[in-house]
Structure formats: C-alpha cells, structure tokens
Amino acid sequence: MQLGIIGMGKMGLPLALNGRDRGLDIVVFTEKAEKLAQLDKEGVKGCGSLDAFVAALTPPRAVWLMIPAGQAVDGMIAQLLPLLAPGDILIDGGNSRYQDSQRRCAQLRQVGIAFMDVGASGGIEGARNGACLMVGGDQALYARMEPIFKALSGGMGCGYMGPSGAGHFVKMIHNGIEYGMMQAIAEGMEILRHGPIPMELDRVTEVWRKGSIVSGLLMDMTAAALAREPDLASIEGIVAASGEANWTVEEAVRLGVSAPVIATSLFNRFKSQDREKYAEKTLAAMRREFGGHAVVAKGEG
C-alpha cells in the first residue's frame with residue numbers, strides 16, 4: 001500500500017523509514033534540501049513541492065501529517081485542499097487536541113475527504129521500529145487502512161479507538177498518565193540520591209528495569225540516561241510541558257473527575273521553569289514577618 005507523509009522532523013523521518021522497511025510505498029513531501037538528499041540516499045521518494053507530492057500519489061490518496069499541532073495542521077490542510085480530490089484520506093499523526101480533530105473531520109467531510117486522527121506513542125524509537133497507534137475516525141475506513149497502521153506499529157499496540165477525535169483523546173490521556181509516571185520515577189530518584197545510604201542510581205535503575213513492577217519504557221530510558229551520566233550534571237532541571245497534560249487536566253475539570261497526580265505532575269513542570277521562585281520568596285518573607293525567621297539574602301544561597 002502507498003502512503004504519503006508530510007513532516008520530516010524527529011518523528012516523521014523515522015516513520016517514513018519504518019514504513020519503507022515494512023513494505024509500504026512511501027512518498028514524502030519536504031522542502032528541505034538536506035532531507036531530500038537523505039531520503040534519496042535511503043531509497044525513499046521525496047518531493048520538494050506539494051504539487052509534485054500529490055501527483056506522485058495514486059488516488060485514492062492517503063496523506064499522513066506528522067507536523068506540530070495547532071495552526072500548522074490547519075495551514076497544511078488549507079494548502080492541500082485544492083490539490084486533493086473526493087475519496088482521498090488525511091491522517092493527522094501528531095498530538096492535536098481532540099476537539100480540533102473533530103472539527104477538521106467535519107470540515108473535510110463536506111468536500112468528500114476523509115479524516116483520521118492517530119495518537120502515536122513510543123517516541124523516536126517507536127516511530128522508527130514500531131509505534132503504538134491509537135486511531136480515531138470512521139470504522140469502515142479504519143478496516144480499509146488497517147494494513148498501514150499495523151505495518152507502522154510493527155507488532156506493537158495498534159487499534160481502533162472510536163469515532164472522530166477518539167484517537168487523539170486517548171493519546172491525550174496517555175500523555176497525562178505519562179507525566180504522572182515520569183514524576184513518580186523522578187521523585188524516587190531524588191529520595192534515593194539524598195538518602196542515608198550511598199547509592200549508584202544507574203545500578204538501581206538497571207535492576208529495576210528487569211522484571212520489577214516499575215519496569216517499562218520509562219524506566220529503560222531513565223536507566224539509559226543514568227548509565228551515560230549518573231549525576232546528570234550537564235542537565236538543567238527545567239522541564240517543558242508540551243500541552244497534552246494541560247488538556248488532560250482541563251478535561252478532568254470539565255468532567256468533574258479527580259486527577260491529582262496528573263495535575264501535580266503538570267504543575268511541577270511549570271515550577272521547574274520558574275527561575276524567579278516568587279512564591280518561595282513570599283513564603284520566606286511571611287516567615288520573617290510573623291516569626292522573625294532569618295531569610296537567605298540574594299547571592300548568599
């Protein structure tokens with residue numbers, strides 16, 4: 001089967017190579033000369049213009065978008081619409097908000113173009129060798145496209161989640177859970193590091209990743225990072241929040257569902273980016289006011 005892919009970033013390129021290795025006829029659009037050269041070297045057809053890209057696909061075309069969520073997706077859809085035809089299929093494999101996917105599906109349905117939303121998990125390694133894919137959209141269309149999804153999953157988790165928006169909704173909750181799990185591992189490492197018994201944390205995680213209850217991909221990744229640099233001295237403790245956990249917490253509030261672990265892990269990421277620490281300064285000031293407690297002057301810490 002043939003699949004067109006747009007987006008040659010850290011996920012798109014390995015996804016294209018994964019598809020090639022699994023027997024899919026992959027066609028790629030990218031305007032970057034270095035990516036086109038790399039694709040040519042890898043034996044994957046690359047096109048430097050959208051017109052050439054669409055022309056290289058056999059109708060009914062299947063186009064997979066692997067680009068950042070938000071305006072970038074809407075902008076690309078606007079560019080593709082004049083080039084596509086009724087019966088073609090657009091697949092958003094990025095981390096779009098599920099309501100946006102529902103809106104896009106309704107918009108494209110009016111002009112006869114099908115839309116599917118796919119939550120993809122497994123990181124760069126998964127994109128290259130087999131990703132976990134959570135698919136939303138028309139169920140009959142999923143059945144038709146299932147060989148592509150199964151090929152890209154490489155035997156990992158792959159399945160139909162429900163109607164339009166379901167794939168991205170499930171991925172959103174997945175990422176919220178991921179935040180909580182990552183925070184728990186990080187806090188455990190912090191306690192071990194400050195504990196009364198000297199620990200080699202790379203050794204601890206190497207043991208934990210083999211058969212323990214907390215084993216899994218996140219522990220594997222933690223062990224790999226600590227094996228390279230046990231003290232993590234080269235890394236600032238500043239952690240970005242990419243959006244999905246924000247949406248998960250917003251959805252929990254909207255539904256009236258308690259999600260304290262996910263919410264706290266998200267807020268901890270916000271706090272990690274706070275160099276000013278104004279809240280902590282306020283606490284220190286209050287203690288000084290009501291109890292005459294000493295404060296640490298700036299530059300003394």
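Everything below is about the structure printed above this text.
Quick notes on the rules
- Residues numbered from 1 in each chain as written.
- Predicted model: local features only at pLDDT ≥ 70, side-chain atom pairs only at ≥ 80, totals over all residues.
- Heavy atoms only, no water.
- Pairing = 2+ DSSP bridges.
- Helix = DSSP H or I, 4+ residues; strand = E, 2+ residues; numbered from the N terminus.
- Axes fitted to C-alpha atoms, helices over the stretch in contact; angles between N-to-C directions.
- Parallel < 35°, antiparallel > 145°, perpendicular 65-115°, else oblique.
- Left-handed = near helix turned anticlockwise from the far one by under 90°.
- Contact = heavy atoms within 4.5 Å.
- Nonpolar A, V, L, I, M, F, W, Y, C, P; charged D, E, K, R; others polar.
- Buried < 20%, exposed > 50% of the residue type's maximum accessible area, 1.4 Å probe, protein only.
- Arc of directions from axis to C-beta.
- Phe/Tyr/Trp six-rings, centres within 6.5 Å; stacked < 30°, edge-to-face > 60°.
- Lys NZ or Arg CZ within 6 Å of the ring centre and 35° of its normal.

Now for the sheet that holds strand E2 (residues 25-29). For sheets, the rule is that strands pair by backbone hydrogen bonds, running either parallel or antiparallel. An order of E3-E2-E1-E4-E5-E6-E7-E8 is seen for the eight strands of this open sheet, with the pairing classed as mixed. The strands lining the two open edges of the sheet, one partner per strand, are strand E3 (45-47) and strand E8 (158-162). Neighbouring strand axes in the sheet, compared pairwise and without regard to direction, differ in orientation by 25° on average. Here E2 runs beside E3; their pairing, made up of three bridges, is parallel. Bridge assignment links Val27 to a residue of E3, and that residue is Lys45.

Moving on to the packing of helix H11 (residues 244-255) against helix H12 (residues 260-272). Where H11 contacts H12, the axes come no closer than 10 Å and their chain directions differ by 140°. Accordingly, the angle class assigned to the pair H11 and H12 is oblique. Crossing of H11 over H12 shows left-handed handedness. Contact with H11, carried on its side by Ala245, Asn246, Thr248 and Val249, involves Ile262, Ala263, Leu266 and Phe270 of H12 and no other residues of that element. Here the contact of H11 with H12 is built from residues that sort into six nonpolar, two polar and no charged.

What follows concerns helix H4 (residues 71-80). All of the buried residues along H4 are Val73, Met76, Ile77 and Leu80. One side of H4 carries all its buried residues, which in axial view fall inside an arc of 100°. Where H4 is buried, its residues meet strand E1 (2-6), E2, helix H3 (50-55), strand E4 (62-65), strand E5 (89-92) and helix H5 (98-109).

Okay, the packing of aromatic side chains next. Scanning the model with the defined rule gives six aromatic pairs in all. Each ring, one from Tyr98 and one from Phe169, has its centre 4.8 Å from the other, and the planes form 85°; the classification is edge-to-face. Separated by 71 residues along the polypeptide, Tyr98 in helix H5 and Phe169 in helix H8 (residues 166-194) bring together distant segments of the chain. A residue is classified by how much of its surface remains accessible, and Tyr98, at 10% relative accessible area, is buried. Given the relative accessible area of 27%, Phe169 is considered partly exposed. Taking the centre distance of 6.2 Å and the plane angle of 40° together, the rings of Phe267 and Phe270 count as tilted. Of this pair, Phe267 and Phe270 are both found in helix H12, three residues apart, which corresponds to roughly one turn of the helix. Residue Phe270 is classed as partly exposed on the basis of its relative accessible area, which comes to 38%. Ring-pair connections join several aromatic residues into one group, and the members of that group are Trp64, Tyr142, Phe149 and Tyr160. The ring of Tyr179 carries the charged tip of Arg269 above its face, separated from the ring centre by 3.6 Å.

Interhelical geometry of helix H9 (residues 201-208) versus helix H10 (residues 217-228) gives an angle of 150° and a closest axis separation of 8 Å. Taken together, the axis directions place H9 and H10 in an arrangement best described as roughly antiparallel. For the pair H9 and H10, the crossing hand works out as left-handed. Contact with H9, carried on its side by Leu201, Asp202, Thr205, Glu206 and Trp208, involves Met219, Thr222, Ala223, Leu226 and Ala227 of H10 and no other residues of that element. Residues that form the contact of H9 with H10 fall into these classes: six nonpolar, two polar and two charged.

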